[in-house]
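# Residue-level structural notes
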Amino acid sequence: MSKSLLVTGALTLFTATAAIAQDLTIVSWGGAYSNSQQKAYHDPYMAKNPDINIINDESSAEAVAKLRAMNEAGNVTWDLVDVVASDALRLCDEGLAMELDHDEVLAPAPDGTKASDDFGDLLISECYIPQIVYSTTVGYRTDLVGSKPPTDICALFDTKTYPGKRSLEKRPINNMEWALMCDGVDKDDVYDVLETAKGQERALAKLATIKDEVIWWSAGADTPQLLADGEVVMGSTYNGRLFSVIEEQNQPVAMLWDAQVFDLDGWIIPAGLPADRLEAVKKYLYFATDTQRLADQAKYISYGPARLSSAPLVSKHAELGIDMAPHMPTDPNNAKNTFLYNYEFWADYRDDIDAKFQAWLVRN
């Protein structure tokens, strides 16, 4: 056979193989977080499985609404979705997320410990596979806060000591809790107060005291960019996003850990996937949620892995070479005054309080 025929045959085989590569649409949050998933999960998986092509979608902030719409239309185009815990509970309750046997679909720990035991209490739903423990906290410009850097979450509401714009997420979660705490409610009583109409109005009234100074964000990358540009003096976002702007970009930004809100982030499989897509998703999940992969993600972003067996494998940032422990929300120095997010409360009340919050936003 001539050399040209061999080349032609090889190209034909390559083209045919590429043509049958299966796409997996994986939905996440974008920015530094999606970048950590790309490096820890997606790239290694595609290297081992050249027949799989992972497509990133950054729509997780709208996951509940979009999955509801897809389900109603009978056309679910997403294969795997990264969501916070309370949204996973809602999606599971509504039948939009698939129920799983965790010990069947997830790898055991290296010592043989079952996945359900390795994840432990973080398996809050039969539809949910947690990846990381993270927190929503506040970052501030060190050059814009004067000689008294903030140490208390209520600095958000102290525009006299810390004048300037703030950035807050365009949703009630976290904002309502912080508002009540800074209006005198003990943190152990926050959800008891917030479940009442009077308590919700009280939280909104406190937020109204800074409403004119707030830039509302929808994407996790917004606050880091606003801080880097000096457009806000302080703002809320995920601790891993602040780690990126502080350690990777060397911006004059510091972290305010007070009243950081612990939360989980992880995967759900949309209900109703055809058999071939479901099989491909399960194979990816088995790989991407094993002990080593969760430890690998923590090398790129300061989120604690959800598996107990992963924690000892995390030491230094893969690229910066710095010790990651002091940057984790669970580090004792950072966790002196944490606020525990109530997943069940927000699963039950999210739609109603969301509607009230969005209506408040457009009021004069």
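Above this note sits the structure.
Attention in this report is confined to the structure presented alongside it. These figures come from a predicted structure and were not determined experimentally. (Residues numbered from 1 in each chain as written. Predicted model: local features only at pLDDT ≥ 70, side-chain atom pairs only at ≥ 80, totals over all residues. Heavy atoms only, no water.)

## Some thoughts on the overall build of the chain
Looking only at helices and strands, the chain features 14 helices and 10 strands. For 364 residues, the compact-globule estimate of 2.2 N^0.38 gives 21 Å, and the C-alpha radius of gyration of the chain, at 22 Å, lies within 12% of that figure. Overall, the chain is about 85 × 45 × 45 Å in size when its C-alpha atoms are taken along their principal axes. Going through the 364 residues of the chain one by one, you find that 53% of them count as buried. Carbon together with sulfur atoms contributes 51% to the accessible area of the chain, which is approximately 16000 Å² in total. Side chains of the chain give 31 positive and 55 negative charges; the mean places of these two sets differ by 5 Å. (Helix = DSSP H or I, 4+ residues; strand = E, 2+ residues; numbered from the N terminus. Rg over C-alpha atoms; globule rule 2.2 N^0.38 Å. Buried < 20%, exposed > 50% of the residue type's maximum accessible area, 1.4 Å probe, protein only. Areas by Shrake-Rupley, 256 points an atom, 1.4 Å probe, with all protein chains shown as cover. Lys, Arg positive; Asp, Glu negative; His and termini not counted. Charge placed at Lys NZ, Arg CZ, Asp CG, Glu CD.)

## A look at a negative patch on the surface
On the surface, a cluster of negative charge is made up of Asp 93, Glu 99, Glu 126, Glu 344 and Asp 348. In this structure, Asp 93 sits in helix α4 (residues 85-93). Exposure remark for Asp 93: the relative accessible area of 66% places this residue in the exposed category. (Patch = residues over 30% accessible without salt bridge, like charges linked within 9 Å, V, L, I, M, F, W, Y side chains within 5 Å. Salt bridge = Lys/Arg side-chain N within 4 Å of Asp/Glu carboxyl O.)

## Description of the pattern of salt bridges
Opposite charge on two side chains makes pairing possible when the charged atoms of those side chains draw close. Inspection of the entire model under this criterion finds 16 salt bridges. Across the salt bridge formed by Arg 277 and Asp 79, the nearest N and O atoms sit 2.6 Å from each other. Taken together, the residues Arg 277 in helix α12 (residues 275-288) and Asp 79 in the loop between α3 (63-73) and β3 (80-84) connect sequence positions 198 residues apart. Of the two residues examined, Arg 277 and Asp 79, each falls in the buried class. Of the charged contacts, one joins Asp 354 and Arg 350 as a salt bridge, the two residues approaching to 2.7 Å between their closest N and O atoms. You can see Asp 354 and its partner Arg 350 sitting in helix α14 (residues 343-361), four residues apart, about one turn around the helix. Of the two residues examined, Asp 354 and Arg 350, each falls in the buried class.

## Side note on α14
The terminal C-alpha atoms of α14 lie 24 Å apart, and with 19 residues this falls more than 12% below the ideal 27 Å at 1.5 Å per residue. Of all the bends found along α14, the most pronounced is centred on Tyr 349 and spans about 65°. Buried residues of α14: Tyr 343, Phe 345, Trp 346, Ala 347, Arg 350, Ile 353, Asp 354, Phe 357, Trp 360 and Leu 361, and no others. (Expected span 1.5 Å × (residues − 1). Bend = angle between axes of the 7 residues up to and from the residue.)

## Quick look at the packing of α4 against α14
Relative orientation of the contacting elements α4 and α14 amounts to 60°, with a least axis distance of 8 Å. Seen from above, α4 lies across α14 with right-handed handedness. Each of Ala 85, Ser 86, Asp 87, Leu 89 and Arg 90 in α4 lies in contact with α14, whose residues at this interface are Tyr 343, Glu 344, Trp 346, Ala 347, Arg 350 and Asp 351. (Axes fitted to C-alpha atoms, helices over the stretch in contact; angles between N-to-C directions. Left-handed = near helix turned anticlockwise from the far one by under 90°. Contact = heavy atoms within 4.5 Å.)

## Describing the nonpolar core
Membership of the largest hydrophobic core comes to 89 residues, with the highest contact counts inside it found for Leu 207, Ile 268 and Tyr 284. At eight residues, α14 tops the list of elements feeding residues into this core. Setting aside chain neighbours within four positions, we find Leu 207 in contact with Phe 157, Leu 168, Asn 175, Met 176, Ala 179, Phe 357 and Trp 360. (Core = buried A, V, L, I, M, F, W, Y, C linked by side-chain atoms within 4.5 Å.)

## As for the pairing of strand β8 (residues 253-268)
On any regular strand, side chains alternate: one points to one face of the sheet, the next to the other face. Along β8, 16 of the 16 residues are buried, which leaves the element largely enclosed by surrounding structure. Taken together, the 11 bridges between strand β4 (residues 129-141) and β8 define a ladder with antiparallel strand orientation. Paired with Pro 130 across the strands is Gly 266, a residue of β8. Bridge count for β8 against strand β10 (residues 339-340) is two bridges, and the pairing is parallel. Residue Phe 262 lies in a different strand from β10, and its bridge partner there is Leu 340. (Pairing = 2+ DSSP bridges.)

## Focus on the layout of surface pockets
Counted as a void, the largest pocket has a volume near 600 Å³. Along the walls of the largest pocket sit 28 residues, with Ser 60, Ala 61, Glu 62, Ser 218 and Arg 350 positioned nearest its centre. Put simply, the parts of the chain that give the lining of the largest pocket at least two residues each are α3, α4 and α14. Across the lining of the largest pocket, the residue classes break down as nine nonpolar, seven polar and 12 charged. Roughly 200 Å³ of volume is contained in the second largest pocket. (1 Å grid on protein atoms, 1.4 Å probe; cavity = no way out; pocket = protein on both sides within 12 Å on 5 of 7 lines; lining within 4 Å. Points joined across faces, edges and corners; volume = space filled by probe spheres on them. Nonpolar A, V, L, I, M, F, W, Y, C, P; charged D, E, K, R; others polar.)

## Thoughts on the side chain of Ser 125
Among the structural elements, Ser 125 can be located in the loop between α6 (115-119) and β4. When its relative accessible area of 7% is taken as the criterion, Ser 125 is described as buried. Reaching out from Ser 125, the side chain makes a polar contact with the backbone nitrogen of Cys 127 at a distance of 3.0 Å. When neighbours within four sequence positions are excluded, Ser 125 is seen to be in contact with Leu 89, Cys 92 and His 102. (Polar contact = N/O pair within 3.5 Å; in protein donor to acceptor, adjacent residues only side chain to side chain.)

## Structural notes on the packing of aromatic side chains
Think of a pair of aromatic rings as described by two things: how far the centres are apart, and how the planes are tilted against each other in angle. Enumeration over the complete set of coordinates arrives at 16 aromatic pairs. Here Tyr 45 and Phe 287 contribute two aromatic rings whose centre-to-centre distance is 5.3 Å and whose plane-to-plane angle is 50°, an arrangement assigned as tilted. Taken together, the residues span a long stretch of sequence, with Tyr 45 in helix α2 (residues 31-48) and Phe 287 in helix α12 at a distance of 242 residues. Tyr 45 sits in the buried class, given a relative accessible area of 5%. Phe 287 gets classed as buried once you look at its relative accessible area, which sits at 10%. Seen from their ring centres, Trp 216 and Trp 360 are 6.0 Å apart, and the 90° between their planes marks the pair as edge-to-face. Taken together, the positions of Trp 216 in strand β6 (residues 214-217) and Trp 360 in helix α14 put the pair 144 residues apart, joining distant regions of the chain. Ring-pair connections join several aromatic residues into one group, and the members of that group are Trp 29, Tyr 33, Tyr 134, Trp 217, Tyr 238 and Tyr 303. A cation sits over an aromatic face here: Lys 211 above Trp 360, 4.4 Å from the ring centre. (Phe/Tyr/Trp six-rings, centres within 6.5 Å; stacked < 30°, edge-to-face > 60°. Lys NZ or Arg CZ within 6 Å of the ring centre and 35° of its normal.)

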